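# Residue-level structural notes
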Amino acid sequence: MFDAEFGIIHFQNHWQAVNQIKLTLWNKEHYIYVCATAEDEEDQISDLQRSSFLKFKNSIQSVEKSIEDVLRENFPDLTELELSERFIPGRVIFSRDGNYGICIADNNDLDCAIQPDADIAIEFTPEIIFYDSQEEYLSFLY
């Protein structure tokens, strides 16, 4: 299926764009999945999701800086190199109301071995909120 803003999309418990978006954190490029929440396949991407995605694309440098700032603030004992190696952005999710957040893998070996849900998330709208668990963030979306 094709969406005017998201491009080619497919449904897999949510809408996901085939093309990924590039995020650069600490001069390291990452390609992340773009997702839009939906109840089922009949639940098309909303105008609020499209509008939010367009704003996201137009402010990508601000988003990148915010991610770096939030990670520095929440993990003050880590150097930028350690932060860039430990945290890998994986997807941005646009909710039905136009809010969005980014899910980030936490590659801390010890945490991942003990807690598979140790990944984090950062919500950007309506305000920037750090979640120390993706599970907690995702529970607000669905």
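Here the structure is shown first, and the text comes after it.
Rules and cut-offs
- Residues numbered from 1 in each chain as written.
- Predicted model: local features only at pLDDT ≥ 70, side-chain atom pairs only at ≥ 80, totals over all residues.
- Heavy atoms only, no water.
- Salt bridge = Lys/Arg side-chain N within 4 Å of Asp/Glu carboxyl O.
- Buried < 20%, exposed > 50% of the residue type's maximum accessible area, 1.4 Å probe, protein only.
- Helix = DSSP H or I, 4+ residues; strand = E, 2+ residues; numbered from the N terminus.
- Expected span 1.5 Å × (residues − 1).
- Phe/Tyr/Trp six-rings, centres within 6.5 Å; stacked < 30°, edge-to-face > 60°.

## Regarding the pattern of salt bridges
Taken as a whole, this structure holds 10 salt bridges when the rule is applied. One salt bridge in this structure joins glutamate 29 and lysine 22, with 3.5 Å as the shortest N-O distance. Among the residues examined, glutamate 29 registers a relative accessible area of 47% and is labelled partly exposed. Overall, the relative accessible area of 38% leaves lysine 22 in the partly exposed class. For aspartate 69, the salt bridge is made with lysine 65, and the minimal N-O distance between the two is 2.7 Å. Of the two residues, aspartate 69 and lysine 65 both sit in helix α2 (residues 60-74), 4 residues apart, roughly one turn of that helix. Classification of aspartate 69 as partly exposed rests on a relative accessible area of 30%. Through salt bridges with shared partners, one network takes in Lys65, Glu68, Asp69, Arg72 and Glu80.

## Brief notes about α2
For α2, spanning 15 residues, the distance from its first C-alpha to its last is 21 Å, which sits close to the expected 21 Å at 1.5 Å a residue. For α2, the complete set of buried residues consists of Ile60, Val63, Glu64, Ser66, Ile67, Glu68, Val70 and Leu71.

## A closer look at the packing of aromatic side chains
Enumeration according to the criterion identifies 11 aromatic pairs in this entry. On the basis of an interplanar angle of 85 degrees and a centroid distance of 6.0 Å, the ring pair of phenylalanine 6 and phenylalanine 94 is categorised as edge-to-face. Taken together, the residues phenylalanine 6 in the loop between β1 (2-3) and β2 (7-11) and phenylalanine 94 in strand β6 (residues 87-94) connect sequence positions 88 residues apart. In this structure phenylalanine 94 comes out as buried when scored by relative accessible area, which is 0%. Ring centres of phenylalanine 94 and tyrosine 100 lie 5.2 Å apart, and the angle between their planes is 35 degrees; this geometry places the pair in the tilted category. Chaining the aromatic ring pairs together yields one cluster made of Phe6, Phe53, Phe56, Phe94, Tyr100 and Phe124.

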